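Listed below, chain by chain, are the residues.
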Amino acid sequence: MTTANDAALTGLSLQAASLELQAGAISSRQLTEACLARIAATDGRVGAFLAVTGERALQQADRSDRRRAAGGALGPLDGVPLAVKDLFLTRGVPTTAGSRILEGFVPPYDATAVTRLEAAGAVLLGKLNLDEFAMGSSNEHSAYRPCRNPWDLTRTPGGSSGGSAAALSARQCFGTLGTDTGGSIRLPASFCGVVGLKPTYGRVSRYGVIAFASSLDQPGPLGRTTWDVAALLGAIAGPDPHDLTCAARPADDYLAALEGGARGLRIGVPREWFGGGLQPEVEARVREALTTYQRLGATLVEISLPHSRYGIAAYYLIATAEASANLARYDGVRFGLRAPGVRALQELYSESREQGFGAEPKRRIMLGTYALSAGYHDAYYLRAQKVRTLIRRDFDAAFGRCDVVAGPVAPGPAFKLGERTGDPLQMYLADIFTITCNLAALPGLSVPCGLARGLPVGLQLVGRPFDEATLLKAARALERELGPAPVPAALEAAP
Ligand code: GLN
């Protein structure tokens, strides 16, 4: 049963919850119990969680309360209930990647990002729903359960980190982690009206994050406010000896830089991001946000990213090629599902993969294997890598004239469940504005900028490498102007 008091607690931002803890006004146990009650009351309808680790969360909460009572509180995340996408390995807690092929897999170690949240004293409530192996834009490729958008339960929360965004907008927790290979943090953040940050490639360790496309994958935080996201990024970013692609450069103090405002900021507006399928209501919200920035003392600079139109094509060659290699390890021998009743090794491999993988990973394995096959490698994979370099150069040139690039996250707000499942290409097009940022290895953020037909719209900001601080500062300036993001009402109606 959720009480009025619980509702007041779960409605707090991470920052507000943290301040209440520091003031001794509430305990971590109270916060954790309120979140667990909220999950119990709402997740039958939302489907954000694949596993809730209530017992373990309450133990962590009690430890945090004892630490605080003894004067040894750890920082802003101490005692705050969070949850992570089920792509992050969690020691002793089943981790599925949203796939049947990992059903029952219990990792022997934690992802670095999880270790760091726990070292900061955070409470982990459970594992969040996603598209199978993070392949998708709507969470509809989850092998376990659908995830719905708390703003409208007939719509997708976006994907692949759908659970990570839906849980926040449903007030089930105070912060989450997702991963973004082509848009999977920013798209759901935009669809659910929360803030999501895909850090620079190499900013956050990928150690213990189940691999999809290793040269693109990047873990990052989602929160209800920019402050919340800055605090989470500060906890998880930084070098990690376990991941050699993780940068040696230490994390910045993202909270210290947050209130710098937008005065003097040069905002690049790419011509190519405002054409084609961009829906007028979304364009209107994005343009209003740009006008707000001007009013705050920023200047708008028209820029061009001429190679962005090759982004989707290059991405679906590179991502599928890398996925086909990464997914080769699921062979029925070492992890998860093993097909019963087989007689030969080859049959064990093929039957386990046939039964364990859903349609989307199979499609990607086939596309990727083809793109890498003898005689085609240079024509596809190598060519796509060259396009990737051109895309990166477009951004490098743009950053000579501006400090951040701004535009829409997606062509439209959250679409209906089932609307695109029959047409993979339509699904892939949801990422048309987010994918180039991954190909160029840059940081990108989605911040709410209003509603279109009653549904949230996100403004996308892309920054220079390792300049997450400027993205957060710019997003904060807009957030302050727009005031607290509206709360979805769909969940409060009778079930
Ligand atoms: N929607 C894109 C895909 O399906 C991106 C997914 C992601 O960022 N993990 O590959």
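Here, the structure is the one placed above.
We now turn to the structure provided with this report. Going along each chain's sequence as written, the residues are numbered from 1 onward. With pLDDT at 70 or above as the cut-off, local features in this predicted model cover only qualifying residues; side-chain atom pairs require 80 or more to be listed or tallied, and sums for whole chains, interfaces and linings still use all residues. Excluding hydrogens and water, the side-chain figures rest on all heavy atoms present in the structure.

Our next topic: helix 8 (residues 226–236). The cut-offs for exposure are 20% and 50% of the maximum accessible area for each residue type, with area from a 1.4 Å probe on protein chains only; residues under the lower value are buried, those over the upper are exposed, and the others partly exposed. Secondary structure follows DSSP: runs of H or I at least 4 residues long count as helices, runs of E at least 2 residues long count as strands, and numbering of each begins at the N terminus. Among the eleven residues of helix 8, nine are classified as buried, and the element is accordingly described as predominantly covered. Along helix 8, the residues classified as buried are Thr226, Trp227, Asp228, Val229, Ala230, Ala231, Leu232, Leu233 and Ile236. At the N-terminal end of helix 8, a side-chain oxygen is found 3.4 Å from the backbone nitrogen of Trp227, two or three residues along, and the residue is Thr225. By the criterion applied in these results, polar contacts are pairs of N or O atoms within 3.5 Å in which, for protein atoms, one can donate a hydrogen and the other can accept it, and in which residues neighboring in sequence qualify only through two side-chain atoms.

Moving on, we come to the site of the ligand. Near residues are defined by distance, with any heavy atom within 4 Å of the molecule or strand qualifying the residue. Taken together, 15 residues lie near the ligand, and Gly182, Ser184, Tyr315, Arg364 and Asp431 sit nearest. At 3.3 Å, a backbone N or O of Gly183 approaches an oxygen atom of the ligand. The separation between a nitrogen atom of the ligand and a polar side-chain atom of Asp431 is 2.5 Å. What sets the accessible areas is the Shrake-Rupley method with a 1.4 Å probe; for residues, cover comes only from the shown protein chains. Computed on the free molecule, the ligand has an accessible area of 290 Å², of which 100% lies beneath the protein chains in the complex. Cavity means a closed set of points on a 1 Å grid over the protein atoms alone, one where a 1.4 Å probe fits but cannot get out, pocket means an open set with protein on both sides within 12 Å along at least 5 of 7 lines, and lining means a residue has an atom within 4 Å of a point. Molecule-in-pocket calls rest on the fraction of atoms, with more than half required to lie within 2 Å of the cavity or pocket grid points. Taken atom by atom, the bulk of the ligand overlaps the largest cavity.

With that settled, the discussion passes to a nonpolar patch on the surface. On the surface, Tyr370, Tyr376 and Tyr380 cluster together into a nonpolar patch covering about 290 Å² of accessible area. Structurally, Tyr370 can be placed in helix 12 (residues 359–372). According to the relative accessible area criterion, Tyr370 is partly exposed, its value standing at 43%. Residues enter patches when they are more than 30% accessible in relative terms and free of salt bridges; like-charged ones are connected within 9 Å and nonpolar ones (Val, Leu, Ile, Met, Phe, Trp, Tyr) within 5 Å. Whenever a carboxyl oxygen of Asp or Glu lies within 4 Å of a side-chain nitrogen of Lys or Arg, that contact is scored as a salt bridge.

All right, on to the pattern of salt bridges then. The full count for this structure, using the stated rule, is 25 salt bridges. Note that Asp78 and Arg67 form a salt bridge whose closest N and O atoms lie 2.6 Å from each other. Residue Asp78 is located in the loop between helix 4 (54–69) and strand 2 (81–85), and its partner Arg67 is located in helix 4; the two are separated by eleven residues in the primary sequence. Residue Arg67 is classed as partly exposed on the basis of its relative accessible area, which comes to 25%. Taking the shortest distance from any N to any O, the salt bridge between Lys362 and Glu354 comes out at 3.5 Å.

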